[in-house]
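As a plain string of letters, each chain reads:
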Amino acid sequence: MAKKRRKRRLKKWVKTVLAIVIAVLTGVSGWTVWSIYVNAAMDTEYRYVFEKPLVKVDAAIAYDMEGGIFYRQNKNEEERTPVTNKSLVVSEDGENFHEIRTDENGRLITGWYEGKDGRYFYTPEHGWLVTESGEIDGRYYKLDENGRVYDKEWVKEQNGVCWYIDGQKAAGQEDTLLYVEGEKGFYYLQADKDFARAEGTEITLADGRLLIYDDNGKIITTASRDLEGRAYCPVPESYEVAQETKTVALSDLVKEIPDMSVRCVNHRGYHVSAPENSLTAYKQSYEQGYAMVECDIQFTADGIPVLLHNETINAVARNMDGSLINGQVHVSGLTFEELMNYDFGIICGEAYRGLRVTTLEEFLAFCKAYGIHPYLEMKGETVDTQDEVDFLLAMVDSYGMRGNVTWISFSSDPLRYVINRDPEARIGYLIAARSDLNYIVSSVSSLRAQGYNAFIDAVFTASEALAPLCQNAGVPLEVWTVNSEAYIRTLNPYISGITTDVLHVEY
């Protein structure tokens, strides 16, 4: 009995000395290690087995292996417990180390392992953790330094930041859009940069489309048309939160939309400095290169159509001496002669002092002379009878402009009066954000089904909701009043025109 005890003490002493010697000689990354001899019930015989993370433990704790199961041997050498769900570091020679892992029964894991933070792969032959990117099961996988497969995340590479899904780079045969689950918008992956995302810049594509990105590479604006008149049609996730992560080839989103060139209409003339609805403002529109302009039509008390946005004159007129007008003065309550007693220019500075209200006849003469296409907004406050609309149509005819004007109104009655007399007239229904969009789209669609050239002209904030409704119903859509270049680049491709105070749109 005493001989057996001496033998066990000697064996324990040898193990302890051997562990100390290896700790001094190997010192892997500064960690303290210990070792034992393992009779492995597998092809590989591991002389050294270390717990991970490698920390100093009681020298009496040892590991051995029997029947393919790793055990922890306790101090009395008679009790053993399986080492379960544990990462271990093993070596055959004390110089080359490999990480292995045990399962819930203490057996060596081989093949794919689903950890809490991702997937890992252990070699079938030895159960060694693969920590370098490369081919696994006939397929390339991108791994981090700990052997975890990159999945649904951005990875910094030489050419930029790339997106990986299950170890595979999001890529294709050409420039690609990436939609990420749970995010709004999309990323642009560049083929010539090994499908790294574009960041903090803007890129003009070969077909003329402009893409602009934020500092994280997400596309924030897109031009909607290319130089050949084709439309760029984002999938719904460009406007809504993506339901899944996917890639789409850029060319898949280019569609042919005939006869949909974008109109650019100057709102009330170029009134950045000149008085709105004045011939001076419209002359500046022409000088700025606008081929289309918008005006507002009101009738005076004696039936003269003049250009004025509000039903009162107070916002744009002053007394002849430049003083404010007392009380609200309605244009419908003044004869044309009385209206001429007010100054419609001084409000914009001395350079315009003395300007009188512009008549529709003066405006039409200007448009005819300069080849301008006018958008004639009939204000429902004073243009509300068939006779009044007939008078406007006759004036347009007198300048040979029929077929070269667009009639618009917030009221459906004046537009109906127009097509009563001119079935081929182009009419636009102006709508605001609180309008019943479905009802209006249905009404305009019905008019188009009857052969009328009708469209919707909506406030731009309603365009996101309106565009799909109009497209499904085949109703052309224009928007007002757009003064932001950023918004221009995000126009839904179905929108065929904008009304603006200052912008120029070139496609």
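Note that this is a predicted model, so its numbers are computed, not measured.

Procedures and definitions
Residues numbered from 1 in each chain as written. Predicted model: local features only at pLDDT ≥ 70, side-chain atom pairs only at ≥ 80, totals over all residues. Heavy atoms only, no water. Pairing = 2+ DSSP bridges. Helix = DSSP H or I, 4+ residues; strand = E, 2+ residues; numbered from the N terminus. Buried < 20%, exposed > 50% of the residue type's maximum accessible area, 1.4 Å probe, protein only. Polar contact = N/O pair within 3.5 Å; in protein donor to acceptor, adjacent residues only side chain to side chain. Contact = heavy atoms within 4.5 Å. Arc of directions from axis to C-beta. pLDDT = per-residue confidence, 0-100. Axes fitted to C-alpha atoms, helices over the stretch in contact; angles between N-to-C directions. Left-handed = near helix turned anticlockwise from the far one by under 90°. Nonpolar A, V, L, I, M, F, W, Y, C, P; charged D, E, K, R; others polar.

A few points about the sheet that holds strand S12 (residues 160–165)
What the 3 strands build is an open sheet, ordered S11-S12-S13; its pairing is antiparallel. If you trace the sheet from one side to the other, it starts and ends with strand S11 (153–157) and strand S13 (168–169), each paired once. Where S11 and S12 come together, 5 bridges link them in antiparallel fashion. Within S12, the residue paired with lysine 156 across the bridge is valine 161.

Re the sheet that holds strand S16 (residues 196–197)
Pairing is antiparallel in the open sheet, where 4 strands are placed in the order S16-S15-S14-S21. Every interior strand has two partners, whereas the edge strands, S16 and strand S21 (246–249), have only one. Of the pairings in the sheet, the one linking strand S15 (residues 187–190) to S16 comprises 2 bridges and is antiparallel in character. Directly across from leucine 189, in S16, lies its bridge partner arginine 197.

Digging into unusual backbone geometry
Positive phi values are uncommon outside glycine, yet aspartate 166 reaches one of about 50°. Among the structural elements, aspartate 166 can be located in the loop between S12 and S13. We classify aspartate 166 as partly exposed; its relative accessible area is 22%. A positive phi angle, close to 65°, is found at phenylalanine 195, a residue other than glycine. Mapped onto the secondary structure, phenylalanine 195 falls in the loop between S15 and S16.

What to know about the side chain of arginine 426
Structurally, the position occupied by arginine 426 is in strand S30 (residues 426–431). According to the relative accessible area criterion, arginine 426 is buried, its value standing at 13%. In this structure the side chain of arginine 426 is engaged in a polar contact, spanning 3.0 Å, whose partner is the side chain of tyrosine 375. Engagement of the side chain of arginine 426 in a polar contact is seen with the side chain of threonine 406, the distance being 3.0 Å. Not counting residues within four places of it along the chain, the set of residues in contact with arginine 426 comprises Arg263, Tyr375, Val405, Thr406, Trp407, Asn453, Phe455 and Glu478.

Structural notes on helix H2 (residues 279–288)
Burial in H2 covers these residues: Ala281, Tyr282, Gln284 and Ser285. All buried residues of H2 lie within an arc of 155° about the axis, which places them on one face of the element. Of the surrounding elements, those touching the buried residues of H2 are strand S23 (263–267), strand S24 (292–299), strand S25 (305–307) and helix H4 (360–370). Glycine 289 occupies a position one or two residues after H2 and carries a positive phi of about 100°.

Points about the confidence of the model for the protein chain
In the predicted model, the protein chain carries a mean pLDDT of 81, and 74% of its residues have values of at least 70. pLDDT under 50 marks residues 14–45. Its contacts with residues more than four places away, or in other chains, come to 57 contacts. Long-range and interchain partners of residues 256–260, a stretch whose pLDDT sits below 50, account for 6 contacts in this model, where long-range means more than four residues apart.

Examining the packing of H4 against helix H5 (residues 386–398)
As a packed pair, H4 and H5 sit with axes 10 Å apart at the nearest point and diverge in direction by 35°. Classified by chirality, the crossing of H5 by H4 is right-handed. Each of Leu360, Glu361 and Leu364 in H4 lies in contact with H5, whose residues at this interface are Leu392, Met395 and Val396. Looking at the contact of H4 with H5, its residues break down into 5 nonpolar, no polar and 1 charged.

Comments concerning the pairing of S15
Within a regular strand, the side chains alternate between the two sheet faces. Covered by surrounding structure in S15 are Tyr187 and Leu189 together with Tyr188 and Gln190, the residues of both alternating faces. Pairing between strand S14 (residues 176–179) and S15: 3 bridges, direction antiparallel. In the sheet register, threonine 176 faces S15, and the bridge partner there is leucine 189. Taken together, S15 and the strand that follows it, S16, pair antiparallel across an intervening segment of 5 residues, in which aspartate 194 is found at a positive phi of about 55°.

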